[in-house]
There are 2 protein chains.
Amino acid sequence: MKAIILIIGSEFTKGLKQDKNSLFIAKKLFQKGIDIEAIITTSDDIYNIQTFLKIALDKADIVFTSGGLGATSDDLTREAISEAIGVPLIFNEDWLKKLKEDYKKAGLDFTEERKKMAKLPYNAKPIENPIGKALGFIKVLDDVQKAIVALPGVPSEMKAMLKIAFDYLGLKEDKGFVYLFRTYGKSEIKIDELTKDIDKKIINASPKGVDLFIYDNAKEFLENKVAVLRERLGNLIYAEDEIEMEEVVGKLLKEKGYTISTAESSTGGMIATRIVNVPGSSAYFKGSVVSYANEVKENILKVNKEDLEKLGAVSEPVGRQMAEGVKKLLNTDFALSDTGIAGPTGGTKEKPVGLHYIGMATPSETIVEKVIFSGERNDIRLRVSQHALNMLRLYLLKQN
Amino acid sequence: MKAIILIIGSEFTKGLKQDKNSLFIAKKLFQKGIDIEAIITTSDDIYNIQTFLKIALDKADIVFTSGGLGATSDDLTREAISEAIGVPLIFNEDWLKKLKEDYKKAGLDFTEERKKMAKLPYNAKPIENPIGKALGFIKVLDDVQKAIVALPGVPSEMKAMLKIAFDYLGLKEDKGFVYLFRTYGKSEIKIDELTKDIDKKIINASPKGVDLFIYDNAKEFLENKVAVLRERLGNLIYAEDEIEMEEVVGKLLKEKGYTISTAESSTGGMIATRIVNVPGSSAYFKGSVVSYANEVKENILKVNKEDLEKLGAVSEPVGRQMAEGVKKLLNTDFALSDTGIAGPTGGTKEKPVGLHYIGMATPSETIVEKVIFSGERNDIRLRVSQHALNMLRLYLLKQN
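This structure is a prediction, so every number in the text was calculated from the model and none was measured.

Engineer: What exactly am I supposed to notice about the overall build of chain A here?
Structural biologist: The helix and strand tally for chain A stands at 15 helices and 17 strands. Here the C-alpha atoms of chain A give a radius of gyration of 27 Å, more than 25% beyond the 21 Å that 2.2 N^0.38 yields for 400 residues. Overall, the C-alpha framework of chain A stretches about 80 × 55 × 40 Å when taken along its three principal axes. Evaluated residue by residue, chain A yields a buried proportion of 56% over its 400 residues. In chain A, once contacts between residues fewer than 6 apart in sequence are set aside, the share between residues at least 24 apart is 66%.

Here is the structure:
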């Protein structure tokens, strides 16, 4: 089955807002084994919607639309579909009654514009909206054996109603055709080389590492590839799903009953923020000292004044003393630290932009790694936070 | 002039990656007064690329493609364009020579696949790639008075080459048809009400506040609307461009020569991280104490033990003492603090999920605001950080 996703909204074609609905719908369809020919985004213009709907119906078996089902004058998807397929719009009496009651309760007029949210193309199957007011629908075009699934643009409504649509269409099971390995420690090119015998893959690099998507049309083939890659990539893999490094590290800390703190300079609290992103992190995270100014490194973390003056804040001993200082101050089992130059200015020949010392104090030793990252300021800082968390992950795994 | 953007990449149609290039290109085109009929995203399939390129050429005067110009077997845009318009591909000798030298220097073979990055449709104007290796091009179809602009998919390369393409096409000036007000302090519905007499607007709510885009086809109309709204929205506006709250606050602190620190609990360092996002923040930011555990609030920030025990960490006095504690400890002019329940668990009837006390210690007083935010854990935390920074912004503005 071939599908096209039609996203409707002038905010997207004018470049004012990032459409994220198409990504969500595409992923769900792909996981159900449906080929997506295209994602077409067009404006709130009845002529454009009709034009691209006709193109979509010509090129695909099923068209999912999102957007333009609301109560403003810009919401024209219902009318455009009705005109494009030559079928009148009629009221769904049940939904009309529900809307009438809802608006009465809220003390609002039940205007013509609000009424239109209960309209459907003749003989369409309604998809009730469990969150909002716009009714969605599935319209089957019997003569050409095609279908249109019309969903709202509000992400929470779209997501809930897509699920209902899948039920109506008999697409209940995820077929599990996609697998994700999230890796840290090797470049995109290295991961590509390491997987050169693997077809049907997509490699995605970001400051958080390299994501490797594996897909296939048959589950057995996919499972074989997953087993091979799990073995081959080993500890480079930090997650096998859309899981963040801080969740992985948090789980390890919790399992082992360890506590942690951070002493941050370049990252400015980003490592701590990420640790706290995880619900329940109070079980292992005590706190952090962000020592952006040298006086804070010296006065609070007790970094040696002479080292700061002679070697500079961006040096191995300072990274080491920051980690050890916060570990002692906050009385934790582990501590992570960083000191470096995130740029864009402040670099020198000896200490270029991107240079960082990343420290990890453990119950028995302190390890400091020197890294030089490239990229923009905040990408570099994100890389540093990822590297620090990964150091801890590898250390905790080795303890097993 | 009507444009269509054609994004090529199976990672997008399979829902594995968010396409952001179309947003960038659409915004640039819209700002130059070019109407975008549609954004079409299709897979790395030569038949699909041709199909949707032909549709795009039928519906628009100019088609911008992004993606599929690289050296792998999946990169088929060049071939698809050549076949769709019936023109052969030929080598650009200058670029071929440059690539040959580049690969020789890097000690890599100059394979057929790499060579193809120097190919262009016959009589196309090359767009040199200032960052990467894939040559872009503009191909004018004289008989139908249309044009294709082919750009790579790597964002940094696409952006640099789009600029060159605009120069070649004589589209040098931004016509300033769009204006952005970023507001904090009122809901989306309130901003809609406050601007109900303003047409051609797009309202966009996020945890950082409400963005209001105003657009028009004539600059004078737009300027009038901007003047009216600037007056009407007043201090709700924190920026008039794509500027973050931390940049606005940083600029105010720098101008006035003040220093700042933060004491964070629920946000876990997010306020500090955001302050450090701004290059040059060392001029005013000294550091932060993330006191996630109560013992850190008590031992480091000197929050009263009795208050912590009797009133709990999420209370007005604790928020107050955190701000005052870190201001004294790090010796700064101002300090921001927060303590609250980000959820999803930990709420009670008296202290529900979302409840926060946000503190600001100034040179003369300490102000604590009680807020209750709804949403997911990390949205709530982002709201708290935005609210804290906005408190400081309003205070510093009042000082003028």
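Past the structure itself, the notes keep going.
Engineer: Help me understand the pairing of strand S10 (residues 201-206) of chain B, please; the structure alone is not making it clear to me.
Structural biologist: Regular strands show a simple pattern: their side chains alternate between the two faces of the sheet. All names here are of chain B. Here 6 bridges tie S10 to strand S11 (residues 209-215), and the two strands are oriented antiparallel to one another. Directly across from Ile 203, in S11, lies its bridge partner Leu 212. Connecting S10 to the antiparallel partner S11 that follows it, the hairpin turn spans 2 residues.

Engineer: For this particular structure, what's the right way to read the UniProt feature "domain: MoaB/Mog" (unreviewed entry) in chain A?
Structural biologist: According to UniProt, the positions carrying the feature "domain: MoaB/Mog" (unreviewed entry) are residues 4-172 of chain A. Note that residues 4-172 of chain A is 41% helix and 23% strand, and that its end C-alpha atoms are spaced 19 Å apart.

Engineer: Would you explain the interface of chain B and chain A in this entry?
Structural biologist: Accessible area lost when the parts come together is the quantity often used to give the size of an interface. Contacts between the two partners involve 65 residues from chain B and, on the opposite side, 65 residues from chain A. Contact between chain B and chain A buries roughly 5200 Å² in total, counting both sides, with carbon and sulfur atoms accounting for 62%. Ionic pairing is found between A:Glu295 and B:Lys286, a salt bridge with its closest N-O pair at 3.0 Å. Run the count over chain B and chain A and you get 33 residue pairs in polar contact (both at pLDDT 80 or more). Per-class residue counts for the side of chain B that touches chain A are 31 nonpolar, 22 polar and 12 charged.

Engineer: Got a minute to help me understand the packing of aromatic side chains in this structure?
Structural biologist: The description of two aromatic rings rests on the distance between their centres and on the angle between their planes. For the structure on display, the rule yields 14 aromatic pairs over all chains. Between the aromatic rings of A:Phe334 and A:Tyr395, the centroid separation amounts to 5.8 Å while the plane-to-plane angle is 75 degrees, which identifies the pairing as edge-to-face. Note that A:Phe334 is positioned in strand S15 (residues 334-340) and A:Tyr395 in helix H15 (residues 377-398), a separation of 61 residues in sequence. Per residue, the accessibility class of A:Phe334 equals that of A:Tyr395, and both read buried. Here B:Tyr258 and B:Phe334 contribute two aromatic rings whose centre-to-centre distance is 4.9 Å and whose plane-to-plane angle is 70 degrees, an arrangement assigned as edge-to-face. Here the residue B:Tyr258 occupies a position in the loop between helix H10 (245-256) and strand S13 (260-264), and B:Phe334 occupies one in strand S15 (residues 334-340), the gap between them amounting to 76 residues. The two residues B:Tyr258 and B:Phe334 agree in class, both being buried. Its guanidinium or amino end placed over the ring of B:Trp95, B:Lys98 lies 5.2 Å from that ring's centre, counting from NZ or CZ.

Engineer: How do you make sense of the sheet that holds S13(B) when you look at a structure like this?
Structural biologist: Hydrogen bonds between backbone groups are what pair the strands of a sheet, and the pairing can be parallel or antiparallel. Taken in spatial order, the 10 strands line up as S17(A)-S16(A)-S15(A)-S13(A)-S14(A)-S14(B)-S13(B)-S15(B)-S16(B)-S17(B) in an open sheet, and their pairing is mixed. A strand with exactly one partner marks an edge of an open sheet, and here the two such strands are strand S17 (366-372) of chain A together with strand S17 (366-372) of chain B. Neighbour to neighbour, the strand axes of the sheet diverge by 10 degrees on average, direction disregarded. Across 5 bridges, strand S14 (residues 285-291) of chain A lies against strand S14 (residues 285-291) of chain B in antiparallel orientation.

Engineer: Even after reading the chapter, I still don't get the domain arrangement of chain A, so can you show me in this structure?
Structural biologist: If you check the domain split of chain A, you get domain 1 (2-168), domain 2 (178-239) and domain 3 (245-398). For domain 1 of chain A and domain 2 of chain A, the distance between their C-alpha centres works out to 36 Å.

Engineer: Please clarify how the pattern of salt bridges should be interpreted in this entry.
Structural biologist: Proximity of charged atoms lets side chains of opposite charge pair with each other. Residue and element names in this part refer to chain A. Counted by the stated rule, this structure contains 40 salt bridges over all chains. Taking the shortest distance from any N to any O, the salt bridge between Lys 27 and Glu 242 comes out at 2.7 Å. With a gap of 215 residues between them, Lys 27 in helix H2 (residues 21-31) and Glu 242 in the loop between strand S12 (237-239) and helix H10 (245-256) connect regions that are remote in the sequence. Overall, Lys 27 belongs to the partly exposed group, its relative accessible area being 22%. Glu 242 sits in the exposed class, given a relative accessible area of 52%. The partner of Lys 225 in a salt bridge is Asp 199, and the shortest N-O contact between them spans 3.3 Å. Of the two residues, Lys 225 sits in helix H9 (residues 219-233) while Asp 199 sits in the loop between helix H8 (188-194) and strand S10 (201-206), which places them 26 residues apart along the sequence.

Reading guide: rules and limits
- Residues numbered from 1 in each chain as written.
- Chains lettered and ligands numbered in written order.
- Predicted model: local features only at pLDDT ≥ 70, side-chain atom pairs only at ≥ 80, totals over all residues.
- Heavy atoms only, no water.
- Helix = DSSP H or I, 4+ residues; strand = E, 2+ residues; numbered from the N terminus.
- Rg over C-alpha atoms; globule rule 2.2 N^0.38 Å.
- Buried < 20%, exposed > 50% of the residue type's maximum accessible area, 1.4 Å probe, protein only.
- Contact = heavy atoms within 4.5 Å.
- Pairing = 2+ DSSP bridges.
- UniProt positions renumbered as here; feature names shortened; annotations may be inferred.
- Buried area = accessible area lost by both parts, 1.4 Å probe.
- Salt bridge = Lys/Arg side-chain N within 4 Å of Asp/Glu carboxyl O.
- Polar contact = N/O pair within 3.5 Å; in protein donor to acceptor, adjacent residues only side chain to side chain.
- Nonpolar A, V, L, I, M, F, W, Y, C, P; charged D, E, K, R; others polar.
- Phe/Tyr/Trp six-rings, centres within 6.5 Å; stacked < 30°, edge-to-face > 60°.
- Lys NZ or Arg CZ within 6 Å of the ring centre and 35° of its normal.
- Axes fitted to C-alpha atoms, helices over the stretch in contact; angles between N-to-C directions.
- Domains from an automatic or database assignment.

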